Amino acid sequence: MASAREVSRGLVKGDLLKSVSLCFPSPRRRREEGESRLMYRCPDCHESLDAASATLRCTRCASDFPVVEGVADFSRGAYYDAFDPAHPPSCEHLAGLDSEVEGTRRRIVDFYLPLIEKRNAWSVLDCGCGNGLSVDLLNERGIDAWGIDLSALRKWQWRERERRDRLAVANGLSLPFPDAAFDAVISSGVIEHIGVEEHRDSRYHVRPLPSRDALRVAFLGELRRVTKPSGTIWLDFPNGAFPIDFWHGDRPGAARWHPPDEGFLPTFREVRRLAGEGATLRALSPHRRLGFQQAGRHWYGKLFSAPMSGLLRAMTYKPFDLLAESSLNPFLVVEMTNDAGA
Ligand SMILES: [Zn+2]
């Protein structure tokens with residue numbers, strides 16, 4: 001039988017936990033659904049928005065931004081794609097969109113969630129969130145997660161999402177959030193598409209624009225603006241220093257050899273140069289981030305996957321972690337933190 005002391009200790013412990021959670025609501029729960037619109041700011045002047053009407057209206061420059069089915073749209077129709085909701089995607093295209101689900105789970109639950117928890121990052125923006133599933137997955141796990149993308153197709157696809165109040169159509173160069181809004185920002189497969197012109201007819205073509213570096217600098221600056229001074233930014237993209245690109249080929253997962261001077265995929269060194277002063281960057285192993293599902297459809301992908309998985313796993317341990325920024329790594333994950341006092 002438990003002694004009175006043990007019983008009281010148990011009670012005290014239980015009650016204490018309960019009262020602590022009542023007095024200090026977990027930061028994971030600090031914004032409820034109705035408050036979501038209040039988080040948004042004018043993407044042009046960063047002033048607060050009047051959320052009383054059907055649209056979000058800037059209290060300074062009087063710009064109006066529509067909210068349809070819970071999704072705020074800050075794009076002014078300047079989507080990067082030309083999707084028309086009157087003509088839904090073909091079955092083949094829909095199957096392609098479905099096949100992204102597994103990749104999003106791997107990206108978010110297997111790879112980023114442990115990093116988010118390690119950093120105590122309870123508010124997170126997924127900048128370029130694509131299908132928006134990341135926002136549902138993170139919110140389900142108690143993270144105050146938000147997502148933006150600049151795509152008409154994605155906006156249409158978000159009808160399926162639970163947390164549409166945290167999904168916005170917006171440009172990564174002018175985010176609809178206040179300064180220092182997030183503990184962490186994730187941006188997967190975005191930076192390489194900034195400042196380049198891409199064509200996809202029978203083959204994939206890409207060329208850099210003269211403004212490429214200025215735009216990429218502005219993008220990194222915007223990500224830093226919405227990240228808390230002590231916060232973390234994770235960028236991931238195929239490594240420009242690795243000679244093969246499995247992500248932008250003529251078919252999904254097809255190998256695309258690219259010359260070092262192509263000017264499309266950044267290297268670690270380039271991102272460090274573009275990030276400028278006041279931030280520390282390091283490359284992480286993409287182990288668990290990559291599943292080689294797409295590349296595994298091709299014979300060379302199958303040959304490549306097993307030794308590559310071993311190498312990426314090795315890169316999670318010292319001293320092999322130094323290889324993560326090298327040309328041996330096909331996919332860069334760059335972790336950027338603001339320097340103290342910067
Ligand atoms: Zn404004």
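Residues numbered from 1 in each chain as written. Predicted model: local features only at pLDDT ≥ 70, side-chain atom pairs only at ≥ 80, totals over all residues.

Digging into the overall build of the chain
Right, so step 1: Across its full length, the chain carries nine helices and 16 strands.
Right, so step 2: Within the span of the chain, comprising 342 residues, buried residues form 35% of the whole.
Right, so step 3: In the chain, the proportion of contacts linking residues at least 24 apart, taken out of those at least 6 apart, comes to 65%. (Helix = DSSP H or I, 4+ residues; strand = E, 2+ residues; numbered from the N terminus. Buried ≥ 20, exposed ≤ 12 C-beta atoms within 10 Å, placed from the backbone. Contact = placed C-beta atoms within 7 Å.)

Some details on the nonpolar core
Right, so step 1: Judged by nonpolar contacts, the single largest core of 69 residues is most densely connected at Val124, Ala168, Val185, Val226, Leu235 and Val334.
Right, so step 2: Of the residues forming this core, the biggest block, five residues, is contributed by strand S16 (residues 331-338).
Right, so step 3: Residue contacts for Val226: discarding those within four places in its chain leaves Leu125, Leu175, Phe177, Asp179, Ala181, Phe182 and Val185. (Core = buried A, V, L, I, M, F, W, Y, C linked by C-beta atoms within 7 Å.)

Observations regarding the sheet that holds strand S2 (residues 56-58)
Right, so step 1: Here we have three strands laid out as an open sheet, ordered S1-S2-S3, and antiparallel in their pairing. Looking at strand neighbours, the two that pair on one side only are strand S1 (49-50) and strand S3 (64-65), the edges of this open sheet.
Right, so step 2: Bridge analysis of S2 against S3 gives two bridges, and the strand direction is antiparallel. Looking at S3, one finds that Arg57 is bridged to Asp64. (Pairing = 2+ DSSP bridges.)

Some remarks on the pairing of strand S9 (residues 182-188)
Right, so step 1: With seven of seven residues buried, S9 is to be regarded as a mostly interior element.
Right, so step 2: Judged from the three bridges that link them, strand S6 (residues 123-127) and S9 form a sheet pairing that is parallel. By the bridge assignment for S9, Asp126 is matched with Ile186.
Right, so step 3: As paired elements, S9 and strand S12 (residues 227-238) share six bridges and run parallel to each other. From the neighbouring strand, Ala184 faces S12, where its bridge partner is Thr232.

Brief notes about the packing of helix H4 (residues 100-118) against helix H5 (residues 133-140)
Right, so step 1: Between H4 and H5, whose axes approach to 10 Å, the crossing angle comes to 45°. In terms of their interaxial angle, H4 and H5 are classed as oblique. Handedness of the H4/H5 crossing: right-handed. Facing H4, whose interface residues are Val101, Thr104, Arg105, Ile108 and Val109, H5 presents Leu133, Ser134, Leu137 and Leu138.
Right, so step 2: The class makeup of the residues in the contact of H4 with H5 is six nonpolar, two polar and one charged. (Axes fitted to C-alpha atoms, helices over the stretch in contact; angles between N-to-C directions. Parallel < 35°, antiparallel > 145°, perpendicular 65-115°, else oblique. Left-handed = near helix turned anticlockwise from the far one by under 90°. Nonpolar A, V, L, I, M, F, W, Y, C, P; charged D, E, K, R; others polar.)

Comments concerning the environment of Val333
Right, so step 1: Mapped onto the fold, Val333 is located in strand S16.
Right, so step 2: Val333 gets classed as buried once you count the C-beta atoms within 10 Å, which come to 26.
Right, so step 3: Along the primary structure Val333 and Ala283 are separated by 50 residues, whereas in three dimensions their C-alpha atoms are 5.6 Å apart.
Right, so step 4: Sequence-distant contacts of Val333, defined by excluding residues within four places in its chain, comprise Trp234, Asp236, Ala283, Leu284, Pro286 and Arg289.

Description of the confidence of the model for the chain
Right, so step 1: Per-chain confidence: the chain averages 86 in pLDDT, with 87% of residues scoring 70 or above.
Right, so step 2: Scored below 50 in pLDDT, residues 1-27 shows four contacts in the model against residues more than four places distant or in partner chains. (pLDDT = per-residue confidence, 0-100.)

Remarks on unusual backbone geometry
Right, so step 1: Cis geometry marks the peptide bond from Lys318 to Pro319, where omega comes out at -5°.
Right, so step 2: If you trace the backbone, Pro319 turns up in the loop between helix H9 (299-314) and S16.
Right, so step 3: Positive phi values are uncommon outside glycine, yet Glu69 reaches one of about 50°.
Right, so step 4: Here Glu69 lies in the loop between strand S4 (67-68) and strand S5 (71-73).

Topic: the sheet that holds strand S15 (residues 279-284)
Right, so step 1: The strand order across the open sheet formed by nine strands is S4-S5-S8-S7-S6-S9-S12-S16-S15, and the pairing between neighbours is mixed. Edge strands, defined here as strands with exactly one partner in the open sheet, are S4 and S15.
Right, so step 2: Its contacts with the sheet put H4 on S6, S9 and S12, and the angle it makes with S9 is roughly 150°.
Right, so step 3: The strands touched by helix H8 (residues 268-275) are S12, S15 and S16; relative to S15, the strand with the most contacts, the crossing angle is about 160°.

A word on H5
Right, so step 1: For H5, the buried fraction is high: seven of the eight residues fall into the buried class.
Right, so step 2: Those residues of H5 that are buried lie in contact with H4, S6, strand S7 (144-149) and strand S8 (167-169).
Right, so step 3: Once H5 finishes, Gly142 follows within two positions and takes phi at roughly 85°, a positive value.

Topic: the environment of Arg273
Right, so step 1: In this fold, Arg273 is placed in helix H8.
Right, so step 2: Through-space distance from the C-alpha of Arg273 to that of Val217 is 9.1 Å; in sequence the pair is 56 residues apart.

Examining the pairing of S7
Right, so step 1: For S7, the tally of buried residues reaches six of six residues, placing the bulk of the element in the interior.
Right, so step 2: Pairing analysis gives five bridges linking S6 to S7, with the strands arranged parallel. When the bridges of S7 are listed, Leu125 appears paired with Trp146.
Right, so step 3: As judged from the three bridges shared by S7 and S8, these two strands associate in the parallel manner. Directly across from Ile148, in S8, lies its bridge partner Ala168.
Right, so step 4: Running through helix H6 (residues 152-157), the crossover from S7 to the neighbouring parallel element S8 is right-handed. (Right-handed = clockwise from strand over helix to strand, strands pointing away.)

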